[in-house]
Amino acid sequence: MLIFVMRRTGLLTAAALAATVVLTGCGGAVSGSSAASDVISMNGSSCGGHWHLARPGWHTFQLRNAGTSGAEVDLTNPANGAVYAELEAMGPGTTTPMRLNVGSGKYAFVCAYVDTSPIIGPTITVSGHAKGAAPTLPVTPNDLIPVAKKYQAVTEAALKVLAGETRTLTAAVQAGNLAAAKRDWLTAHLQYETLGAAYGAFGNYDNEIDGRPDATGVSSPKWTGFYRLEYGLWHGQPDSQLKPVAQTLDKDVKALAAWWPSQEISLIDLGRRAHEVIENALEFQLTGHDDYGSGTTLATTAANITASKVLLSLLHPLLAARYPQLSSVYFWLDRLQTLLDKEHLRNGSWVPVGRLPALARQQIDAACGQALQELAPIASITEPRTTYSGN
């Protein structure tokens, strides 16, 4: 029995697999330096043919898509479907290199063309006793479904907390207690920012609750949510403007909390969001883009770290056996958290990004960048892959 897996979607990138599975990028023509006999061809009815390697070691396969549509190709361990290397979006008529350290053992290419069943290539044995690149055992939808259910419950509980906090915030705005409103705004907004994987499933609610005015401008009545209220609170807008904004925010959060239990989180988002929330923090928080007056984007970044760690904790049983660099992920997230904490002042306020000393800002940006590097492979490792079998 030959077992193998193919991806459900074509969302992988070179950065995402750099530390685990060797990935060679999208299909494209290569130079004519390879002889025709060195090219491994595949099409809609054949995947690779009977190729041969004289010895183990570093090798560059030249893979040619001789089919008439785009293809995805994996080099797998036929015993368990573990993936050594993969190519996505190979255009028809293109030849693409796939380079890896090939160890002694058995290999099989698996090809997936649009609207066709995956094709299993022949099992090829590389002789000797040399150790090569380690394959990554695929994560199946069945592996991820329990994780998604747990995260669904975690998010539901967090939304109930958020609803209570926005209710308190709205009451402070209604009472005209701006000092309390500013404090309660930060508490509620940070709670929302811990919902790392869920926001992609929130649909229009995310834009209503945490949307930016980039497309509409700060004076547009279409701009609502936390950032709109932040802008008003810290720019001295009158009660007549603040109260309806707070009421709308409260209404939208309540509606989201009531709507959420009937929704489902996309399985592919579980690993992807662990990286994406930190990526968004680097782009929008650590640049000061999302500072609409409170100067608390460092606090938001810390909340995003919490969001990432919640996902990592749920995915840990799957990652521990598949990602040797997992400890480095935690190291750099903790390093980033430590640097952020230094900018949390004793009076409870945060140093705005624009007022950070140059060295502190450089250290924070560097730690965030390195954390992203370590997080990058997780999206690919945890991408759900459908399992097939054949003789």
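The structure under discussion appears in the preceding block.
Residues numbered from 1 in each chain as written. Predicted model: local features only at pLDDT ≥ 70, side-chain atom pairs only at ≥ 80, totals over all residues. Heavy atoms only, no water.

A. Spotlight on the pattern of salt bridges. Applying the stated rule across the entire model yields 10 salt bridges. Across the pair Asp269 and Arg273 runs a salt bridge whose closest N-O atoms are separated by 3.4 Å. Remark: Arg273 and Asp269 occur in helix α7 (residues 267-285); sequence separation between them is four residues, near one turn of the helix. Residue Arg273 pairs with Glu276 through a salt bridge whose shortest N-O separation is 2.2 Å. Taken together, the positions of Arg273 and Glu276, both in helix α7 and three residues apart, correspond to about one turn of that helix. Just as Arg273 is buried, Glu276 falls in that class too. Here the residues in one salt-bridge network are Asp269, Arg272, Arg273 and Glu276, joined through shared partners. (Salt bridge = Lys/Arg side-chain N within 4 Å of Asp/Glu carboxyl O. Helix = DSSP H or I, 4+ residues; strand = E, 2+ residues; numbered from the N terminus. Buried < 20%, exposed > 50% of the residue type's maximum accessible area, 1.4 Å probe, protein only.)

B. The arrangement of the sheet that holds strand β7 (residues 95-102) in detail. Strand order in the open sheet formed by three strands is β3-β4-β7, with mixed pairing between adjacent strands. Each edge of the sheet is formed by a strand with only one pairing partner; in this case those strands are β3 (39-42) and β7. In this sheet, neighbouring strand axes are inclined to one another by 35 degrees on average, regardless of whether the strands run parallel or antiparallel. Relative to β7, strand β4 (residues 57-65) runs antiparallel, the two sharing eight bridges. Counted as the bridge partner of Gly57 is Val102 from β7. (Pairing = 2+ DSSP bridges. Axes fitted to C-alpha atoms, helices over the stretch in contact; angles between N-to-C directions.)

C. Seen up close, the side chain of Gln237. Along the chain, Gln237 falls in the loop between α5 (226-234) and α6 (239-259). Engagement of the side chain of Gln237 in a polar contact is seen with the side chain of Arg228, the distance being 2.9 Å. (Polar contact = N/O pair within 3.5 Å; in protein donor to acceptor, adjacent residues only side chain to side chain.)

D. Inspection of helix α3 (residues 178-193) at higher detail. Between the first and last C-alpha of α3 there are 22 Å, a value that for 16 residues agrees with the 22 Å anticipated at 1.5 Å per step. Packed against the buried residues of α3 are α2 (141-174), α4 (204-210), α5, α6 and α8 (297-319). (Expected span 1.5 Å × (residues − 1). Contact = heavy atoms within 4.5 Å.)

E. Quick peek at the state of the cysteines. Taken as a whole, this structure holds one disulfide when the rule is applied. Covalently, Cys47 is tied to Cys111 through a disulfide, its sulfur atoms 1.9 Å apart. When the S-S torsion is 75 degrees, as for the bridge of Cys47 with Cys111, the disulfide is right-handed. One end of the pair, Cys47, is in the loop between β3 and β4; the other, Cys111, is in strand β8 (residues 105-113), with 64 residues separating them in the sequence. You'll find Cys47 and Cys111 in the same group, each marked buried. (Disulfide = S-S within 2.5 Å.)

F. Broad picture of the pairing of β4. For β3 and β4, the ladder comprises four bridges, and the chain directions are parallel. Counted as the bridge partner of Met42 is Asn65 from β4.

G. Highlighting unusual backbone geometry. Residues other than glycine seldom take positive phi values, yet Ala89 does so here, at roughly 50 degrees. Position of Ala89 among the secondary structure elements: in strand β6 (residues 83-90).

H. Looking closely at the packing of α2 against α3. Running from N to C, α2 and α3 point in directions that differ by 160 degrees, and their axes come no closer than 9 Å. Between α2 and α3, the angle falls in the class roughly antiparallel. Our pair here, α2 against α3, has a crossing hand that is left-handed. Together, Ala158, Val161, Leu162, Glu165, Thr166, Thr168, Leu169, Ala172 and Val173 of α2 and Ala180, Ala181, Asp184, Trp185, Thr187, Ala188, Gln191 and Tyr192 of α3 make up the contact between the two elements. For the contact of α2 with α3, a count of residues per class yields 11 nonpolar, four polar and two charged. (Parallel < 35°, antiparallel > 145°, perpendicular 65-115°, else oblique. Left-handed = near helix turned anticlockwise from the far one by under 90°. Nonpolar A, V, L, I, M, F, W, Y, C, P; charged D, E, K, R; others polar.)

I. How the structure looks around the packing of aromatic side chains. Applying the stated criterion across every chain, the model contains 13 aromatic pairs. Centre to centre, the rings of Tyr84 and Tyr107 are 4.7 Å apart; their planes meet at 45 degrees, and the pair counts as tilted. Placement of Tyr84 in strand β6 and of Tyr107 in strand β8 is noted, with a sequence separation of 23 residues between them. For the pair formed by Tyr84 and Tyr107, the shared burial category is buried. Among the aromatic side chains, those forming a connected cluster through ring pairs are Tyr192, Phe202, Phe226 and Trp260. Against the face of Phe284 rests Arg212, its NZ or CZ located 3.7 Å from the ring centre. (Phe/Tyr/Trp six-rings, centres within 6.5 Å; stacked < 30°, edge-to-face > 60°. Lys NZ or Arg CZ within 6 Å of the ring centre and 35° of its normal.)

J. Seen up close, α8. Along α8, the sharpest kink reaches roughly 40 degrees, centred on Ser313 and followed within four residues by the proline Pro317. Counting buried positions along α8 yields 17 of 23 residues, so the element is predominantly enclosed. (Bend = angle between axes of the 7 residues up to and from the residue.)

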